[in-house]
Amino acid sequence: MITTAPEPIATVPATPGGRAWRRFRANKVGVTAMAMVIVLAVVALVFFVFDRLGIPFPMDPDATNLERKLLPPNAINWLGTDNLGRDVLSRLLNGAYISLTVGFVAVFVSLFIGVIVGAVSGYFGKWIDNLIMRAVDALMCFPTFFLILTAVALLGPSIFNIIFVIGLVSWTGTARLVRAEFLTLRESSYVQAARALGQRGWKIIFRHILPNAAAPILVTAVLGVPEAILAEAGLSFLGFGVQPPQATWGNIIADGKTYILDAWWLILFPGLAILLAALSFYLTGDALRQAVETRSERQ
Amino acid sequence: MTSFIIRRLLVSFVLLFFISIISFFIVTLTPGSPYPWGELNPKVSEEVKRVFREKFHLDRPLPEQYALIMRDLFTGNLRSIKDERPVLEKIAERLPATLVLNISALALSLSFGLLLGIYGARHAGRPPDVITSIIAFIFIALPGFWISYLVAIALVDWAAVPILGTHTIGVAFTNGAQIFLDGWWHVMMPASILAIGGIAVQSRFVRASMIETLREDYIRTARAKGLDENTVFYRHALRNSIRPLITGIGMLLPALISGAVIIENIFAYPGMGRLGYEAVLERDYPTLVALNFVTAALVLLGNLVADMLYAVVDPRVRLE
């Protein structure tokens, strides 16, 4: 039907997604932040491949050289060297994929749990909703980072455990959001129609309601990535992150803190990397939120 | 109001039950040995292990362990694996320092968050708003441990700000005012750093709520009456931002306590966060269970107080 309709006014995209994308592109901060996210992802991927192929570029991140230890930034080691003479720039680039992997996969885990729990709670309502929401309330009372720290420390720090634990404790926000969307959407006429046609609950949830709640879910997902990145950095700093010799942004700072008065470059650069990564995700997420919130159109 | 409080207390008890189960199972269901000396240490005899297991009820089935831990927790008999001191005593020791740190950080977050949020809303959509928004997101994205070190290096030399503990070591102040000022001087820096994220979150929250309020009919009426923009903004709209201020209490508390785990470690601040980190290192699971339980209960209490404050400040909210 849409295809046979006369051409809409050329400048306004026909789909809500297209209109949101147009609003997003008009937001300079958001576009810049998203470009930074993409650059970061490419850098992380490229240096991950270098690492697996054993290409020492710009240098081998794990090669020690005690004759060149604790050097300030210079022509050979652009960001200086650490206490074992390892090149800080190489270690930063090599550690990038850890942060991003933890960020993306942990968010995927938390979305998976949060969407299912929220959908069940919001769609079925009644005592199921009540029980689930009380459990969510209880989980939200915990200081999240301490919960993560406890679980990771007891399970043993590995990248798999860190991702799993962060995902497992950070789904509550998503669940609440999805539930709220479902509470309004399940009363809408198209859901009533689907129900009148005799469709099953699960089919209605995943085929009819969920796609219409996709925009806010996408926004929470993007905003969840920096949370996970910061949690992983904090864990690494406390010694419960991905273990050495693998470089992570958090453990470069943790190792460097002993030399804080002599070697500022060991603290400054990895911290800037964490800050920039987290900031670009937050700004992208916020711009996306503004673009999909139709109410902000009126502003 | 009374019936509301009673109902909320009942709900809180249900939540505390969930909370205790979650904190118990996180500690017990994770693999790994609870023994302080490691599972396979050949120097520890079977007899010692058996006595240890019996003392901490590790030989019982899980549901029974849970019941015993909860019983011991409420009767004050739950003991730490590390030094066998009652856990509640250890927590009570750390509680005052934690409260001082977190309440200071909360106060800083709410007040500066309010100022930043008002400023953003006043200039909504214009460059000052965009700049304060970016600053807010930088604040949220700052890793607390990193900025602690940078600020510490900068301030120790320049302003001789103390970076360790809660009081000056080796000086016995007798004057109450001196003790107070010394404590304040020590808590100032950890509290400010802890508050950075909270300020940003709160400012976003206040800004959004102010912008929402500015769309209300009564604001349009006020403008139509010919009031100048400042009166409309500060006299009419600002009053409604007391609500996000209160919501902020419940929202920020868990995040602050989380942040305190790292900040307390860096500044050697003897609070509950540091106790928790020490317990994690030592696999001291009775302390971990109790600590998770107590902090969650504190957060719950904060939420309850916030809900009651709502009813006090906002006549539209009726608690039933």
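Rules of the game
Residues numbered from 1 in each chain as written. Chains lettered and ligands numbered in written order. Predicted model: local features only at pLDDT ≥ 70, side-chain atom pairs only at ≥ 80, totals over all residues. Helix = DSSP H or I, 4+ residues; strand = E, 2+ residues; numbered from the N terminus. Buried ≥ 20, exposed ≤ 12 C-beta atoms within 10 Å, placed from the backbone. Contact = placed C-beta atoms within 7 Å. Core = buried A, V, L, I, M, F, W, Y, C linked by C-beta atoms within 7 Å. Axes fitted to C-alpha atoms, helices over the stretch in contact; angles between N-to-C directions. Parallel < 35°, antiparallel > 145°, perpendicular 65-115°, else oblique. Left-handed = near helix turned anticlockwise from the far one by under 90°. Nonpolar A, V, L, I, M, F, W, Y, C, P; charged D, E, K, R; others polar. Expected span 1.5 Å × (residues − 1). Arc of directions from axis to C-beta.

S.K.: Help me understand the overall build of chain B in this model?
M.R.: Within chain B one finds twelve helices and zero strands. The principal-axis extents of the C-alpha atoms in chain B amount to approximately 85 × 55 × 40 Å. Considering chain B as a whole, with its 320 residues, one finds that 37% of them fall into the buried category. Pairs at least 24 apart in sequence give 74% of the contacts found in chain B among residues at least 6 apart.

S.K.: Just checking my understanding: could you explain the interface of chain A and chain B for this structure?
M.R.: Many descriptions give the size of an interface as the accessible area lost when the pieces come together. Contacts between the two partners involve 39 residues from chain A, matched on the other side by 39 residues from chain B. Contributing elements (two or more residues each) for the side of chain A that touches chain B: α4 (126-140), α5 (144-155), α10 (214-237) and α12 (265-292) of chain A. Residue contributions to the side of chain A that touches chain B peak at ten residues, all from α5 of chain A.

S.K.: Would you take a moment to explain the nonpolar core for this structure?
M.R.: Soluble, globular proteins show a tendency: their nonpolar side chains are buried together. Residue and element names in this part refer to chain A. Ranked by size, the top nonpolar core spans 154 residues in total, and within it I148, L149, I166 and A278 carry the most contacts. Per element, the largest residue contribution to this core is 17 residues, and it comes from α12. Discounting residues that sit within four places of it in the chain, I148 has contacts with V165, I166, V169, A231 and L235.

S.K.: For this particular structure, what's the right way to read the packing of helix α6 (residues 144-159) of chain B against helix α7 (residues 176-213) of chain B?
M.R.: To describe two helices that pack against each other, one gives the angle between their axes and the distance between the axes. All names here are of chain B. At a minimum axis distance of 10 Å, the contact between α6 and α7 shows a crossing angle of 140°. The angle between the axes of α6 and α7 places the two elements in the oblique class. When you trace α6 past α7, the crossing you get is right-handed. Across from G144, I147, S148, V151 and L155 in α6, the residues of α7 making contact are M189, I193 and I196. A class-by-class count of the residues in the contact of α6 with α7 yields six nonpolar, two polar and no charged.

S.K.: Even after reading the chapter, I still don't get helix α3 (residues 62-75) of chain B, so can you show me in this structure?
M.R.: Because each turn of an α-helix spans 3.6 residues, side chains separated by three or four positions end up pointing in the same direction. All names here are of chain B. Taking 1.5 Å of rise per residue, 14 residues should cover 20 Å, and α3 covers 20 Å from first to last C-alpha, within 8% of that figure. Along α3, the positions that sit buried rather than exposed are I69, D72 and L73. For α3, the arc enclosing every buried residue in end-on projection is 100°, short of the 170-degree limit, so these residues lie on one face. Summarising the geometry of α3, the exposed residues directed more than 90 degrees from the buried face are P63, E64, R71, F74 and T75. On the buried face of α3, the contacting elements are α1 (2-29) and α12 (285-313). Of the residues trailing α3, G76 is marked for its positive phi of about 80°.

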